[in-house]
Amino acid sequence: MASGRLRKVVLARETGLTHAGEVDAVALFVALAMAEPHTFRFLLPLSERGVYVGASPERVLRCRDGRCDTEALAGTRPRGMTAEVDLSQRDELASSAKDALEHRIVSDWLVSQLRAAGAEQVATEERHVVGFQKVWHLRTSISADWKGAAEDLLAAIHPSPA
């Protein structure tokens, strides 16, 4: 990072699971919807790689009629136990230079990946604070024109540095 080559490092862990039989992706999707009702759930058949199924607080990707939407969700504060503390947490997040930078790195990366994949008319909305059940996040909605397969665009933007 000191050399300027890296702007953000995200530590992550991948877990692979093996199942003796076939996994019912629809049943898994329904179980996720019940367990995580305040999330975006997704079920996308992939041509050669099986099925992409999951739940996330952010919209990973939605494509309709040649227009695709995604979002940067980076910068977080816990919700407060009282209304006063809750609003203080929200306001602190909104004014945090550190969180704004972290968020900009993610949103800039998504825009760059969309353009590199060949998306056109890439547009971003203004960054704003959004409340979830347990946390506040900074969110920027991003949309673009896309004529290809959704799974190709998904491969370009996921996983993100969020």
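We now turn to the structure provided with this report. Since the model is a prediction, treat every value here as computed from it, not as a measurement. (Residues numbered from 1 in each chain as written. Predicted model: local features only at pLDDT ≥ 70, side-chain atom pairs only at ≥ 80, totals over all residues. Heavy atoms only, no water.)

On to the side chain of serine 56, then. As for its placement among the helices and strands, serine 56 is situated in strand 2 (residues 50-56). A distance of 3.2 Å separates the side chain of serine 56 from the backbone nitrogen of glutamate 58, its partner in a polar contact. (Helix = DSSP H or I, 4+ residues; strand = E, 2+ residues; numbered from the N terminus. Polar contact = N/O pair within 3.5 Å; in protein donor to acceptor, adjacent residues only side chain to side chain.)

Looking now at the environment of serine 95. Relative to the assigned elements, serine 95 resides in helix 2 (residues 83-95). Its relative accessible area of 60% is what places serine 95 among the exposed residues. A polar contact is formed between the side chain of serine 95 and the backbone oxygen of aspartate 91, at a distance of 3.1 Å. (Buried < 20%, exposed > 50% of the residue type's maximum accessible area, 1.4 Å probe, protein only.)

As a further point, take the nonpolar core. The biggest cluster of nonpolar side chains holds 15 residues, and the ones touching the most others in it are Leu110, Leu114, Ala119, Val122 and Ile142. Among the elements of the structure, strand 4 (67-78), helix 3 (97-117), strand 7 (135-145) and helix 4 (150-157) are those that each provide at least two residues to this core. If one sorts the elements of this core by residue count, helix 3 sits on top with four residues. Those residues in contact with valine 122, other than ones at most four positions away along the chain, are Val111, Leu114, Arg115, Ile142, Ser143 and Ala144. Core analysis: the second largest hydrophobic core is formed by five residues, Leu46, Tyr52, Val60 and Leu154 among them. (Core = buried A, V, L, I, M, F, W, Y, C linked by side-chain atoms within 4.5 Å. Contact = heavy atoms within 4.5 Å.)

Attention now goes to unusual backbone geometry. Of the consecutive residues histidine 158 and proline 159, the connecting peptide bond is found in the cis state with omega at 0°. Relative to the helices and strands, proline 159 resides in the segment after helix 4. Phi at aspartate 65 is positive, roughly 50°, even though this residue is not glycine. Of note, aspartate 65 is situated in the loop between strand 3 (62-64) and strand 4. Of note, the phi angle at glutamine 121 is positive, near 50°, even though the residue is not glycine.

Below, the discussion takes up the packing of aromatic side chains. Under the criterion given, the structure shown has one aromatic pair. A centroid spacing of 4.8 Å and a plane angle of 20° characterise the contact between phenylalanine 42 and tyrosine 52, whose relative ring orientation is stacked. Within this pair, whereas phenylalanine 42 is found in strand 1 (residues 40-46), its partner tyrosine 52 is found in strand 2, the two being separated by 10 residues in sequence. Owing to a relative accessible area of 18%, phenylalanine 42 belongs among the buried residues under this scheme. Residue classification places tyrosine 52 among the buried residues on the basis of a relative accessible area of 19%. The lysine or arginine in question, arginine 79, covers the ring of tryptophan 136, its NZ or CZ lying 3.9 Å from the ring centre. (Phe/Tyr/Trp six-rings, centres within 6.5 Å; stacked < 30°, edge-to-face > 60°. Lys NZ or Arg CZ within 6 Å of the ring centre and 35° of its normal.)

This next bit is on the pattern of salt bridges. The final tally for this structure, using the stated rule, is nine salt bridges. A salt bridge links arginine 79 to aspartate 86; the nearest nitrogen and oxygen atoms lie 2.7 Å apart. Salt-bridge contacts for aspartate 99 lead to lysine 98; the nearest nitrogen and oxygen are separated by 3.8 Å. (Salt bridge = Lys/Arg side-chain N within 4 Å of Asp/Glu carboxyl O.)

Looking now at a nonpolar patch on the surface. Side chains of Val26, Val30, Met34, Leu43 and Val51 sit close together on the surface and give an oily, nonpolar patch of about 450 Å² of accessible area. Looking at the nonpolar patch element by element, the count peaks at three residues for helix 1 (residues 25-35). Turning to its location among the elements, valine 26 is positioned in helix 1. (Patch = residues over 30% accessible without salt bridge, like charges linked within 9 Å, V, L, I, M, F, W, Y side chains within 5 Å. Areas by Shrake-Rupley, 256 points an atom, 1.4 Å probe, with all protein chains shown as cover.)

When two helices pack together, you describe them by how their axes are tilted relative to each other and by the distance separating the axes. Between helix 3 and helix 4, the shortest axis-to-axis distance is 9 Å and the interhelical angle comes to 135°. Taken together, the axes of helix 3 and helix 4 are oblique relative to one another. As for how helix 3 packs across helix 4, the hand of that crossing is right-handed. Judged by residue contacts, Trp109, Leu110, Gln113, Leu114 and Ala117 of helix 3 engage Leu153, Ala156 and Ile157 from helix 4. Considered class by class, the residues forming the contact of helix 3 with helix 4 number seven nonpolar, one polar and no charged. (Axes fitted to C-alpha atoms, helices over the stretch in contact; angles between N-to-C directions. Parallel < 35°, antiparallel > 145°, perpendicular 65-115°, else oblique. Left-handed = near helix turned anticlockwise from the far one by under 90°. Nonpolar A, V, L, I, M, F, W, Y, C, P; charged D, E, K, R; others polar.)

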